[in-house]
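Structural description and commentary
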2 protein chains.
Amino acid sequence: MEKVWANINAVLIADDPKTFVTRRISETNLEFGGIRGDRHFGITSKADSRQPMYPRGTEILNRRQITIVSVEELDRIAEELGVEAVLPEWLGANLLITGYPELTKLPMGSRILFKSGAGLICMGENQPCTLPGDEIQKHFDDHEKLSIRFVRAGYKRRGIVCAVESPGIIHENDEVQILVNNFKNPMQ
Amino acid sequence: MEKVWANINAVLIADDPKTFVTRRISETNLEFGGIRGDRHFGITSKADSRQPMYPRGTEILNRRQITIVSVEELDRIAEELGVEAVLPEWLGANLLITGYPELTKLPMGSRILFKSGAGLICMGENQPCTLPGDEIQKHFDDHEKLSIRFVRAGYKRRGIVCAVESPGIIHENDEVQILVNNFKNPMQ
């Protein structure tokens, strides 16, 4: 089992009901269900287009509690779009991480562990949709078609979704240990 | 995304506090957390030796709500042990399935969907320990070292653990649809 140290550059919350866009906070308490007050908080959530095997609106287990993106992958998205920067806020991310460049490839079942005892479990890759692209477009009047182009630029760079496995306080600048799940000898 | 039909041969519950061994029931209601009354029921559970990244006894998200084994893999275990049969009860399984022979290889994030609307999500491979082997040994006085030999015989045949993604009634002989997660184009 590979262990990697990484750093939490930012902690963010989507607490404005009018938008999925997040804003930075210095710290938060991870609870079972995620970040209280965030639009994705909950042990359960409603099935949407991402879970077509259930009728839309069905109450299902929420595995998309916390969204994480990496500095390195956002840089590559910005580069491909030809814009100065792509901020985690515009993607609705809850955590911005650095030191694990190919975050989107982190296998399901991997852990992200904080010194407070808080722990996240990776529930898989996030898939790009056009909403973050619409948000990016708002910030770059001199560029065109960023909304559509984001879907391609964000492919396999969009980060991951996690569930809270163990509650606890987390802060910006926390060092975290990533335990990479190895399917040959899988972790439980 | 591969879709496979399979059959639920048995539904079982571990409701005797003195043992992990399960007993057959004709039907049950899957709730968020699993099967009420079963020893693994709960949205959360206590960390044990399977989650060495947390102090033992820490309250963590319960991804081991429902244990599933396949008829085909139990047959192979029995064959390797040289015994007549290995029953799902002795492994503490909650579901016995047939029609998906290499169940243990079912990737994390795959779904098992029932016609009632109930749905399970695969949280990975179960790993053999000596307890089921001890139980198997009790039934075969004329064989030796089944406890230790089970760990090897059960390797990659021990089945999977699941969480309830969508509640609902399930019955023995239910037909289920298995949606196999494909990491190239992962499901959410």
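What this report covers is the structure whose coordinates are included nearby. (Residues numbered from 1 in each chain as written. Chains lettered and ligands numbered in written order. Predicted model: local features only at pLDDT ≥ 70, side-chain atom pairs only at ≥ 80, totals over all residues. Heavy atoms only, no water.)

**Looking at empty space enclosed by the protein**
Evaluated as defined, the whole model comprises 1 cavity of 30 Å³ or more. One number sums up the size of the largest cavity: a volume of about 90 Å³. Across the lining of the largest cavity, the residue classes tally to 8 nonpolar, 4 polar and 2 charged. (1 Å grid on protein atoms, 1.4 Å probe; cavity = no way out; pocket = protein on both sides within 12 Å on 5 of 7 lines; lining within 4 Å. Points joined across faces, edges and corners; volume = space filled by probe spheres on them. Nonpolar A, V, L, I, M, F, W, Y, C, P; charged D, E, K, R; others polar.)

**Quick word on the sheet that holds strand β3 (residues 27-31) of chain B**
Residues and elements named next belong to chain B. Taken in spatial order, the 3 strands line up as β4-β3-β12 in an open sheet, and their pairing is antiparallel. With one partner strand each, in any of the chains shown, β4 (34-35) and β12 (168-171) form the two edges of the open sheet. Where β3 lies against β4, 2 bridges are found, and the strand directions are antiparallel. Its bridge partner lying in β4, Glu31 is registered against Gly34. (Pairing = 2+ DSSP bridges. Helix = DSSP H or I, 4+ residues; strand = E, 2+ residues; numbered from the N terminus.)

**So, the interface of chain B and chain A**
Residue-level contacts link 42 residues of chain B with 42 residues of chain A. Across the interface of chain B and chain A, roughly 3200 Å² is buried in total on both sides, 58% from carbon and sulfur atoms. In terms of surface lost to chain A, no three residues of chain B exceed Tyr54(B), Leu61(B) and Gln188(B), which account for 24% of the buried area on that side. For the interface between chain B and chain A, the tally reads 0 salt bridges. At the junction of chain B and chain A, the tally comes to 4 residue pairs in polar contact (both at pLDDT 80 or more). Mapped by element, the contributors of at least two residues to the side of chain B that touches chain A are β6 (59-61), β9 (111-114), β10 (119-125) and β11 (160-166) of chain B. Looking at the side of chain B that touches chain A, the element that brings in the most residues is β10(B), giving 6 residues. Broken down by class, the residue content of the side of chain B that touches chain A amounts to 20 nonpolar, 13 polar and 9 charged. (Contact = heavy atoms within 4.5 Å. Buried area = accessible area lost by both parts, 1.4 Å probe. Salt bridge = Lys/Arg side-chain N within 4 Å of Asp/Glu carboxyl O. Polar contact = N/O pair within 3.5 Å; in protein donor to acceptor, adjacent residues only side chain to side chain.)

**A look at the side chain of Arg64(B)**
Examined against the element boundaries, Arg64(B) turns out to sit in the loop between β6 and β7 (66-70). Comment: no salt bridge for buried Arg64(B); closest opposite-charge side chain is Asp48(B), at 5.6 Å. Only 3.1 Å separates the side chain of Arg64(B) from the side chain of Asn126(B), close enough to count as a polar contact. Residues in contact with Arg64(B), not counting those within four places in the same chain, are Gln188(A), His40(B), Arg50(B), Gln51(B), Asn126(B), Val161(B) and Cys162(B). (Buried < 20%, exposed > 50% of the residue type's maximum accessible area, 1.4 Å probe, protein only. Lys, Arg positive; Asp, Glu negative; His and termini not counted.)

**What to know about the relation of the copies chain B and chain A**
Once chain B has been moved 0.0 Å along the axis and rotated by 180°, it coincides with chain A to within an RMSD of 0.0 Å. The superposition of one copy onto the other is thereby described by a two-fold rotation axis. Residue Met108(B) of chain B places its C-alpha closer to the rotation axis than any other residue of that unit, at 3.5 Å. (Least-squares fit on C-alpha atoms with pLDDT ≥ 70 in both.)

**Things to note about the packing of helix α1 (residues 71-81) of chain A against helix α3 (residues 146-153) of chain A**
All names here are of chain A. The interhelical angle for the contact between α1 and α3, taken along N-to-C directions, is 130°, at an axis separation of 10 Å. When the axes of α1 and α3 are compared, the pair comes out oblique. Two packed elements cross with a definite hand, and for α1 against α3 that hand is right-handed. Contacts between α1 and α3 involve Ile77, Glu80 and Leu81 from the former and Leu146, Arg149, Phe150, Arg152 and Ala153 from the latter. (Axes fitted to C-alpha atoms, helices over the stretch in contact; angles between N-to-C directions. Parallel < 35°, antiparallel > 145°, perpendicular 65-115°, else oblique. Left-handed = near helix turned anticlockwise from the far one by under 90°.)

**Focus: the layout of surface pockets**
Of the volumes computed, that of the largest pocket is approximately 630 Å³. Forming the walls of the largest pocket are 26 residues, and the residues nearest its centre are Arg39(A), His40(A), Asp48(A), Arg50(A) and Arg64(A). Among the secondary structure elements, those contributing two or more residues to the lining of the largest pocket are β5 (44-46), β6 (59-61) and α2 (130-138) of chain A. Considering every element that reaches the lining of the largest pocket, the biggest residue donor is β5(A), with 3 residues. When its residues are assigned to classes, the lining of the largest pocket shows 8 nonpolar, 10 polar and 8 charged. What the second largest pocket holds in volume is close to 530 Å³. As for the second largest pocket, its lining consists of 26 residues, of which Arg39(B), His40(B), Asp48(B), Arg50(B) and Arg64(B) are closest to the centre. Looking at the lining of the second largest pocket, the elements with two or more residues in it are β5 (44-46), β6 and α2 (130-138) of chain B. When grouped by side-chain class, the residues that make up the lining of the second largest pocket number 8 nonpolar, 10 polar and 8 charged.

None of the figures reported here should be taken as evidence of function without further support.
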